[in-house]
Amino acid sequence: MRLTGRHIVLRPPSLHDAGVLLEWENDEAVRHVSLDQGPLSLEGVQRYLRNIKDVYLDKQLRFIIELQGRPIGAIDLYDVRFDVRQASIGILIADTEMRNQGFGSEALQLVKDYASEYLDIDHFGVQVQLDNTPSRSFFEKNGFHVIGHEKDTIEMTSEIKRLA
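Reading guide: rules and limits
Per-chain numbering applies: the sequence of each chain, read as written, is numbered from 1 onward. Where local features are concerned, this predicted model is filtered to residues with pLDDT of at least 70; where side-chain atom pairs are given and counted, the filter is 80 or more; whole-chain, interface and lining totals use all residues. Side-chain metrics rest on all non-hydrogen atoms present in the structure, leaving aside hydrogens and water. When a carboxyl oxygen of Asp or Glu lies within 4 Å of a side-chain nitrogen of Lys or Arg, that pair is called a salt bridge. Only protein chains enter the calculation, and the probe is 1.4 Å; a residue is then buried if its accessible area is under 20% of its type maximum, exposed if over 50%, and partly exposed in between. Here a helix means four or more residues in a row that DSSP labels H or I, a strand means two or more in a row labelled E, and each is numbered from the N terminus. Following DSSP output, two strands are said to pair if at least two bridges run between them. Take the residue count of a helix, subtract one, and multiply by 1.5 Å to get its expected span. Planes of paired rings set the category: under 30 degrees apart is stacked, over 60 is edge-to-face and the rest tilted, where pairs are Phe, Tyr or Trp rings (Trp by its six-membered ring) whose centres lie within 6.5 Å. Only buried residues count toward a nonpolar core, which is a set of Ala, Val, Leu, Ile, Met, Phe, Trp, Tyr and Cys residues joined through side-chain atoms within 4.5 Å. Here an axis means a line fitted to C-alpha atoms, over the contact stretch when the element is a helix, while the angle between two N-to-C directions is reported on a 0 to 180 degree scale. Any angle that is under 35 degrees is reported as roughly parallel, and any over 145 degrees as roughly antiparallel; angles of 65 to 115 degrees are reported as roughly perpendicular and all others as oblique. Left-handed describes a crossing whose near helix is turned anticlockwise from the far helix through less than a right angle; right-handed describes the clockwise counterpart. Contacts are assigned to residue pairs that have any heavy atoms within 4.5 Å of one another. By the convention adopted, Pro, Cys, Tyr, Trp, Phe, Met, Ile, Leu, Val and Ala count as nonpolar, Lys, Arg, Asp and Glu as charged, and the other residues, Gly among them, as polar.

What about the pattern of salt bridges?
- In total, this model carries nine salt bridges according to the counting rule given.
- Arg 11 serves as the salt-bridge partner of Asp 17, at 2.8 Å between the closest nitrogen and oxygen. Neither residue differs from the other here; Asp 17 and Arg 11 are each classed as buried.
- For Glu 25, the salt bridge is made with Arg 62, and the minimal N-O distance between the two is 3.2 Å. Residue Glu 25 is found in helix α1 (residues 18-26), and its partner Arg 62 is found in strand β3 (residues 60-67); the two are separated by 37 residues along the sequence. You'll find Glu 25 and Arg 62 in the same group, each marked buried.
- Here the salt bridges do not stand alone but share partners, grouping Arg 11, Asp 17 and Glu 66 into one network.

A closer look at the sheet that holds strand β5 (residues 86-93)
- Strand order in the open sheet formed by eight strands is β1-β2-β3-β4-β5-β6-β8-β7, with mixed pairing between adjacent strands. Taken across any chain shown, the strands that pair with only one partner, and hence form the sheet edges, are β1 (3-4) and β7 (145-150).

A word on helix α5 (residues 103-119)
- A rise of 1.5 Å per residue sets the reference length of α5, with its 17 residues, at 24 Å; its end C-alpha atoms lie 23 Å apart and thus fit the reference within 8%.
- With respect to burial, α5 is a largely interior element, 13 of its 17 residues being buried.
- Immediately beyond the C-terminal end of α5, within one or two residues, lies Asp 120, with a positive phi of roughly 60°.

Structural notes on the packing of aromatic side chains
- In the structure shown here, the tally under the stated rule is five aromatic pairs.
- With 5.1 Å between their ring centres and 70° between their planes, Phe 139 and Phe 144 make a pair best called edge-to-face. The pair Phe 139 / Phe 144 is uniform in exposure class, with both members buried.
- In textbook terms, an aromatic cluster arises when at least three aromatic residues are bridged by ring pairs, as seen for Phe 63, Tyr 114 and Tyr 118.

What about the nonpolar core?
- Counting 34 residues, the largest nonpolar core has Leu 10, Ile 75 and Leu 77 as its most contacted members.
- Secondary structure elements with two or more residues in this core: β2 (8-11), β3, β4 (70-81), β5, α5, β6 (123-129), α6 (133-141) and β8 (153-159).

A word on the environment of Arg 6
- Residue position: Arg 6 is located in the loop between β1 and β2.
- Classification of Arg 6 as exposed rests on a relative accessible area of 74%.

Focus on the packing of α1 against helix α3 (residues 42-51)
- Contact geometry for α1 and α3: axes closest at 9 Å, N-to-C directions at 120°. Of the possible angle classes, the one that applies to α1 and α3 is oblique. Crossing of α1 against α3: the hand is right-handed. Listed contacts from α3 to Ala 18, Gly 19, Leu 21 and Leu 22 of α1 are Leu 42, Val 45, Gln 46 and Leu 49.
- Here the residues of the contact of α1 with α3 are counted per class, giving six nonpolar, two polar and no charged.

Concerning the environment of Phe 124
- Looking at the secondary structure, you find Phe 124 in strand β6.
- We classify Phe 124 as buried; its relative accessible area is 1%.
- A sequence separation of 39 residues divides Phe 124 from Arg 85, and the C-alpha atoms of the two residues are 8.8 Å apart.
- Residues contacting Phe 124, with those up to four places away along its chain left out, are Leu 77, Ala 87, Ile 89, Lys 112, Ala 115, Phe 144, Met 156, Thr 157, Ser 158 and Ile 160.

Here's the deal with the pairing of β4
- By the bridge criterion, eight bridges tie β3 to β4 in an arrangement that is antiparallel. In the strand pairing of β4, Glu 66 is matched with Pro 71.
- In this sheet, β5 lies alongside β4 in antiparallel orientation, the contact comprising seven bridges. Looking across to β5, one finds that Arg 81 is bridged to Gln 86.

Rendered as structure tokens:
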């Protein structure tokens with residue numbers, strides 16, 4: 001499945017993406033603001049990519065964000081809870097030259113629209129580290145609002161209003 005926007009394409013990751021995903025996930029600047037623990041191995045990333053089955057089984061859905069055929073980042077739905085129609089979102093525009101150009105917002109909207117229309121998800125949450133002001137600003141600009149604090153993170157949410 002591919003989601004096509006005005007400037008970007010979202011596509012499922014493949015084994016060919018293992019190297020770039022490993023590079024992104026282990027980048028120290030990314031690790032600083034990520035909630036993940038410890039560095040990843042190539043074998044671990046490849047295992048993850050081989051074991052992707054289905055959003056209904058995995059409760060997760062990852063897309064590679066491409067600009068003109070080049071991967072610039074990734075966006076995930078995770079902790080998907082179909083029973084209460086909610087999911088968490090994580091996004092990374094790994095190519096720093098591509099940040100602040102609207103590609104993250106476009107990817108976020110594509111994923112929210114897809115999740116709403118095809119997965120019946122209408123509540124989206126994010127966790128942002130307290131000191132990650134750019135990420136907090138990004139999500140606020142895209143309709144998320146703070147609902148709480150937990151240790152070193154801020155919890156934010158966004159809801160798609162459905163017509164009756």
